[in-house]
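# Tertiary structure, described
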Amino acid sequence: MAQYEPEELGFIDETSKDKRTTAQHFGRLMKGQCAAKKEVFVHGHRVSGLNLLTVNGMIAVAVIKGSFTTPTYKTFLEEEVVSLVLIYTMLLMYLF
């Protein structure tokens, strides 16, 4: 990693949210007692997001309804991430 400048590093993160995200499925109690929590069943829509985080902030973001699949993930990489890498490379070649 030492050969890279901080500006050359990027980290991709995926997250998702639906109305069930706040539900907790496990708990802790005294020995011999069972943890239980009653909740209303919620059938909601999932929203997923991908982002590319660099020292300059989030420079590429994709948000979709539902979950990311292999084709949608590849599309994000090809259209957002790779295009930014190419632009950055051409800019460096032009400046130096």
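Residues numbered from 1 in each chain as written. Predicted model: local features only at pLDDT ≥ 70, side-chain atom pairs only at ≥ 80, totals over all residues. Heavy atoms only, no water.

### Topic: the overall build of the protein
The secondary structure content of the protein amounts to one helix and three strands. When the helices and strands of the protein are placed in sequence order, the string is β-β-β-α. Expressed as a percentage of its 96 residues, the buried residues of the protein come to 12%. Contacts spanning at least 24 positions in sequence make up 52% of the contacts within the protein whose residues lie at least 6 apart. (Helix = DSSP H or I, 4+ residues; strand = E, 2+ residues; numbered from the N terminus. Buried < 20%, exposed > 50% of the residue type's maximum accessible area, 1.4 Å probe, protein only. Contact = heavy atoms within 4.5 Å.)

### Thoughts on the side chain of Ser48
Its location among the elements puts Ser48 in strand β2 (residues 47-54). With near-sequence residues (within four places) excluded, Ser48 lies in contact with Thr15, Ser16, Ala62, Val63, Ile64, Gly66, Ser67 and Phe68.

### What to know about the layout of surface pockets
Here the largest pocket defines a volume of roughly 430 Å³. Lining the largest pocket are 17 residues, with Glu7, Thr54, Ile59, Val85 and Tyr88 positioned closest to its centre. At the level of elements, β2 and α1 (70-95) are the ones that each hand at least two residues to the lining of the largest pocket. It is α1 that contributes the most residues to the lining of the largest pocket, six residues altogether. Per-class residue counts for the lining of the largest pocket are eleven nonpolar, four polar and two charged. (1 Å grid on protein atoms, 1.4 Å probe; cavity = no way out; pocket = protein on both sides within 12 Å on 5 of 7 lines; lining within 4 Å. Points joined across faces, edges and corners; volume = space filled by probe spheres on them. Nonpolar A, V, L, I, M, F, W, Y, C, P; charged D, E, K, R; others polar.)

### What to know about the environment of Leu84
Mapped onto the fold, Leu84 is located in helix α1. The exposure class assigned to Leu84 is partly exposed, which follows from its relative accessible area of 28%. Linking Leu84 and Ala60, residues 24 residues apart in sequence, is a C-alpha distance of 8.4 Å. Aside from chain neighbours lying at most four places away, what touches Leu84 is Leu52, Ile59 and Ala60.

### Concerning α1
With 26 residues, α1 extends 36 Å between its outermost C-alpha atoms, agreeing within 8% with the 38 Å of an ideal straight helix rising 1.5 Å per residue. By the largest-angle criterion, Leu77 marks the main kink of α1, which is about 30°. (Expected span 1.5 Å × (residues − 1). Bend = angle between axes of the 7 residues up to and from the residue.)

### As for the nonpolar core
Formed by Leu50, Leu52, Ala60, Ala62, Phe68, Phe76 and Val81, the largest nonpolar core amounts to seven residues. When residues of this core are traced back to their parent elements, those giving at least two are β2, β3 (57-65) and α1. (Core = buried A, V, L, I, M, F, W, Y, C linked by side-chain atoms within 4.5 Å.)

### Some remarks on the environment of Gly44
For Gly44, the location among the structural elements is in the loop between β1 (11-17) and β2. The spacing of Gly44 and Lys17 is 27 residues in sequence and 9.7 Å in space, taken between C-alpha atoms.

### Let's talk about the confidence of the model for the protein
In the predicted model, the protein carries a mean pLDDT of 83, and 82% of its residues have values of at least 70. Confidence scores differ between elements of the protein, with α1 showing the lowest mean pLDDT of 87 and β2 the highest of 93. (pLDDT = per-residue confidence, 0-100.)

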